[in-house]
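# Observations on the model geometry
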Amino acid sequence: MRLLIERTELLRALSHVTSVVERRTTIPILSNILISAKPGSMAVKGTDLEREVVETASCEVSQPGAITVSAHLLHDIVRKLQEGAQISFDTGGGDGNRLTLASGHSRFYLPILPADEFPDLAAGELANEFELGAGELKQMIDKTRFAISTEETRYYLNGIFLHLARTGAADMLRAVATDGHRLAQFELPCPDGAKGMPGVIVPRKTVNELHRLLEDTGASVTVALSSAKIQFRIGTVVMTSKLIDGTFPDYQRVIPQSNNKAMHVANAAFATAVDRVATVSTDRGRAVKLNIESEKLVLTVTNPDGGSATEEIAVDYDAEPLEIGFNARYLLDISQQLEGDTAHFMLADPGSPTTVRDGGDERALYVLMPMRV
């Protein structure tokens, strides 16, 4: 294999692909990336056997071929080369078991492994395919991923549940994540091609990698999926991932429908007040007590070892007084997702879940379980 490529083009491809390659693995080939060159372009592929990212880059290929080489070592070398440098790849020298990488006066000789040993995460048949704007998909991830569970024993909660749902008379593409203490839901109008798709659980690692890939693009994203795998095509990048093989719980049972105590509060003022009073709390019990009365909310945190704090802010509330506790971190996580000026809380009693909506975006819904205070 012999080719010539510009540093920026190669670094962009390596940055996307190496992110799925584990630095420590018991299978040597998984530390490598697969580079396949054909006239005019090269494809770079990395995988951890659960996810696979492929990126295509333009280059001058004088001799097609395919090799695998250490992902992070190659990325570190290219990152340290001068901006705008031309980089040549050549596997013709020596015994054919090494790659000669040259740029200017720099030469690197890297060991390689055969391309035919590199695993292929075959996507198979992906029956459903649809397009979403990159901004819409990123927003859907932003609004929900913070609630993904990290508890490995409840593996079916370790991702975002992507499925079709009915809202009123409209079919919606809905994303839901929950860790059992809070729930985040966001939905978009059902895109063409999504009808009939199975409900799938997209793993947390895939969600985070997708979010990173979406940072670099404003184009549309093609989503293709089956009941076992999902694929995202974003410009020159293709990411394929296995799905979580499990059943997501019936989350709609925990979304209260009859909460009748409405509290409307300025989101920025609320988040700042929660953050301030939580300063005295401990990591083990970050409970903040909300005493809600007509037009007034008093937030209180009591820590036997670190003192106590209270703060009062104005709210729009005309129901009977209520005292309820929440995890301060969870309140702040939800507040950070709200884009409107006002947070709308619908409450019932101290022991029942509360719903929170964004005054600026009705597509998002949050459910928060109370804490005993």
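Below you will find a few notes about this structure. The structure displayed is predicted, hence computed values, not measured ones.

### Section: the environment of T144
Looking at the secondary structure, you find T144 in the loop between α3 (134–142) and β11 (159–167). Sequence separation of T144 and V238 is 94 residues, and the distance between their C-alpha atoms is 23 Å. T144 has contacts with I160, A175, A177, A184, Q185 and F186, leaving out every residue within four places of it along the chain.

### Let's talk about unusual backbone geometry
You will see that L49, though not glycine, has its phi angle at about 75°, which is positive. Locating L49 in the fold gives a position in the loop between β3 (41–47) and β4 (51–58). For L49, a relative accessible area of 34% corresponds to the partly exposed category.

### A look at the nonpolar core
Grouped together as the largest cluster of nonpolar side chains are 102 residues, with contacts concentrated most on I33, L74, F89, F270, L290 and L299. Those residues in contact with L74 that sit more than four places away from it in its chain are L14, I33, I35, V69, F89, L101 and L110. With eleven residues, the next largest nonpolar core counts V176, F248, I255 and V367 among its residues.

### Some thoughts on the packing of aromatic side chains
In total, this model carries six aromatic pairs according to the counting rule given. With 6.5 Å between their ring centres and 75° between their planes, F161 and Y251 make a pair best called edge-to-face. Linking F161 in strand β11 with Y251 in the loop between β17 (237–242) and β18 (261–266), this pair joins segments that are 90 residues apart in sequence. Classification of Y251 by relative accessible area gives buried; the value is 5%.

### Description of the sheet that holds strand β13 (residues 182–189)
Pairing in this open sheet of eight strands is antiparallel, and the strands run β14-β11-β12-β13-β25-β24-β23-β18 from one edge to the other. At either margin of the open sheet sits one strand with a lone partner, and together these are β14 (200–203) and β18. Each adjacent strand pair in this sheet contributes to an overall mean axis angle of 25°, direction not counted. The sheet contact formed by strand β12 (residues 170–178) and β13 spans seven bridges and is antiparallel. In the sheet register, M172 faces β13, and the bridge partner there is P189. Along the sheet, helix α4 (residues 204–214) contacts β11 and β14; its crossing angle with β14, the most-contacted strand, is approximately 70°.

Reading guide: rules and limits
Residues numbered from 1 in each chain as written. Predicted model: local features only at pLDDT ≥ 70, side-chain atom pairs only at ≥ 80, totals over all residues. Heavy atoms only, no water. Helix = DSSP H or I, 4+ residues; strand = E, 2+ residues; numbered from the N terminus. Contact = heavy atoms within 4.5 Å. Buried < 20%, exposed > 50% of the residue type's maximum accessible area, 1.4 Å probe, protein only. Core = buried A, V, L, I, M, F, W, Y, C linked by side-chain atoms within 4.5 Å. Phe/Tyr/Trp six-rings, centres within 6.5 Å; stacked < 30°, edge-to-face > 60°. Pairing = 2+ DSSP bridges. Axes fitted to C-alpha atoms, helices over the stretch in contact; angles between N-to-C directions.

Honestly, that's just the spatial picture; any functional story needs more than this.
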